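Examining the three-dimensional arrangement
Take a look at the letters that make up each chain.
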Amino acid sequence: RQTKAAVANLVKHLISSEKLLDKCKPEEASQILFTMGKLGLRDKSAYDSLSGVIQRSVESASSQTITNTLWSYRKVGLTPPTRLLSSWSRDKLGLVIDESMS
């Protein structure tokens, strides 16, 4: 319980600071999301902010980063942002996804 509360407080502090978010790397954002998923922390604004970090540098995001992010969304019952998946598929994998089919 204390760990969950401590992580929740740290995440709130992180997402409230543009300066900290700007320094955050995709792998770090993904690891935070993974930890939130393991702890069952379902904070949509945190998920949105941390996914934004990953999307901002999607070209450097590894498949593990994307996998951890998707897993964490699934674990807490949130839907991952389509733009994150589309960006990663297009920029990293070279796939073209017809978003009108979603």
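None of these values were measured; they are calculated from a predicted model.

Topic: helix α6 (residues 82-91)
Turning to α6, its buried residues number three or more, namely Leu 84, Ser 86, Ser 87, Trp 88 and Ser 89. Tucked inside the fold, the buried residues of α6 contact α4 (44-56) and α5 (63-76).

Brief notes about the packing of helix α1 (residues 2-15) against α4
Two packed helices can be described by the angle between their axes and the distance between those axes. Relative to each other, α1 and α4 sit at 55°, their axes nearing to 10 Å. Put simply, α1 runs oblique to α4. In the crossing of α1 with α4, the sense of the turn from one axis to the other is left-handed. Counting all contacts with α1, which are made through Val 11, Leu 14 and Ile 15, the residues of α4 involved are Ser 45, Ala 46, Ser 49 and Leu 50. Looking at the contact of α1 with α4, its residues break down into five nonpolar, two polar and no charged.

Some details on helix α3 (residues 26-39)
The end-to-end C-alpha separation of α3 is 20 Å, in line with the 20 Å expected for 14 residues at 1.5 Å each. Within the span of α3, buried status applies to Pro 26, Ala 29, Ser 30, Leu 33, Met 36 and Gly 37. The arc that holds the buried residues of α3, viewed along the axis, is 120°, so those residues lie on one side. Each element contacted by the buried residues of α3 is listed here: α1, α4 and α5. Looking one or two places after α3, you find Gly 40, whose phi comes out positive at around 75°.

Rules of the game
- Residues numbered from 1 in each chain as written.
- Predicted model: local features only at pLDDT ≥ 70, side-chain atom pairs only at ≥ 80, totals over all residues.
- Heavy atoms only, no water.
- Buried < 20%, exposed > 50% of the residue type's maximum accessible area, 1.4 Å probe, protein only.
- Helix = DSSP H or I, 4+ residues; strand = E, 2+ residues; numbered from the N terminus.
- Contact = heavy atoms within 4.5 Å.
- Axes fitted to C-alpha atoms, helices over the stretch in contact; angles between N-to-C directions.
- Parallel < 35°, antiparallel > 145°, perpendicular 65-115°, else oblique.
- Left-handed = near helix turned anticlockwise from the far one by under 90°.
- Nonpolar A, V, L, I, M, F, W, Y, C, P; charged D, E, K, R; others polar.
- Expected span 1.5 Å × (residues − 1).
- Arc of directions from axis to C-beta.

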